[in-house]
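Chain residues, written in single-letter form:
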Amino acid sequence: MHKTLILLFHPDLSRSNANAALGQEAANLDNVEVVDIQALYPEGIDIYRDGEREAARLLGADRIVLQFPIHWYSMPAIMRQWQDAVLTRMFYLNYEEEGQKLEGTPLFVAVTAGNVEESYRPDGRNLFTIESLLAPLRATAHRCGLIWRSPFVVYTADKLEPVGLKAKAEEYVMALHLWREEKI
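Rules used throughout
- Per chain, residues are indexed from 1 in the order of the written sequence.
- Local features in a predicted model are, by the rule used here, given only for residues with pLDDT of at least 70; side-chain atom pairs are given and counted only at 80 or more, and totals for whole chains, interfaces and linings are based on all residues.
- For side-chain calculations, the full set of non-hydrogen atoms in the structure is used, while hydrogens and water are omitted.
- Axis lines are fitted through C-alpha atoms, for helices just across the contact stretch, and the angle between N-to-C directions can take any value from 0 to 180 degrees.
- Comment: elements are numbered from the N terminus, with helices defined as DSSP H or I runs of at least four residues and strands as E runs of at least two.
- Working rule for angles: under 35 degrees goes down as roughly parallel, over 145 as roughly antiparallel, 65 to 115 as roughly perpendicular, anything else as oblique.
- Handedness of a crossing follows from how the near helix is turned relative to the far one, being left-handed for an anticlockwise turn of less than a right angle and right-handed for a clockwise one.
- The contact definition used throughout considers only heavy atoms, calling two residues in contact when any of these lie within 4.5 Å.
- Throughout this entry, Asp, Glu, Lys and Arg are counted as charged residues, while Ala, Val, Leu, Ile, Met, Phe, Trp, Tyr, Cys and Pro are counted as nonpolar. The remaining residues, Gly among them, count as polar.

Going by an unreviewed UniProt entry, the protein chain carries the name NAD(P)H dehydrogenase and comes from Cedecea neteri.

Enquirer: Just give me the short version of the packing of helix α1 (residues 18–26) against helix α8 (residues 162–181), but keep the residues and values in it.
Expert: Two elements in contact, α1 and α8, have axes whose closest approach is 9 Å; the angle formed by their N-to-C orientations is 45 degrees. Overall, the two elements α1 and α8 adopt an arrangement that is oblique. Read as a crossing pair, α1 and α8 show a hand that is right-handed. Contact residues: A18, A21, L22, E25 and A26 in α1; L165, K166, K168, A169, E170, Y172, V173 and L176 in α8. Considering only residue class, the contact of α1 with α8 consists of 9 nonpolar, no polar and 4 charged.

Enquirer: Could you give me a rundown of unusual backbone geometry, with the residues and numbers involved?
Expert: The phi angle at N31 is positive, at roughly 60 degrees, despite the residue not being glycine. Structurally, N31 is set in the loop between α1 and β2 (32–36). One non-glycine residue, L127, lies in the positive phi region at around 70 degrees.

Written as structure tokens, this is what we have:
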């Protein structure tokens, strides 16, 4: 069975409904490690102080999940810090020892959004689809040689009732299970 690493990027998971529920449900799967990056690095992540540990974490996984809420049409600040510290280290400073070894790893992105799905359309309130908003992340995955998969999206994440939230968490686990079974 493949080891799946879920890196959860939320500014304060204790105040999250959707990301916390998704992460808790996914943690019940076999061979899954869920890491709350903000809790691990409350003062921020540093390329030299923390980069080696995070590079090793990535290299120890067969599949990687990036899970986060959409913040102002982008990723949370801690996720951007993580990219700068870890991916810069792996692909620009230590390519042969680290980055090259990560190439070919499957990547799955799970995002939560506060608005309704209809808002994420060219004629909607937000003008862009979630896929369009994730284009920089997809380009980064491509640059790093990671195998991109269509994202899992939870809309109206902060407004879901407990029953709806539970259903979305179960849907997420099913999506992860199917993705982990794919021959890549």
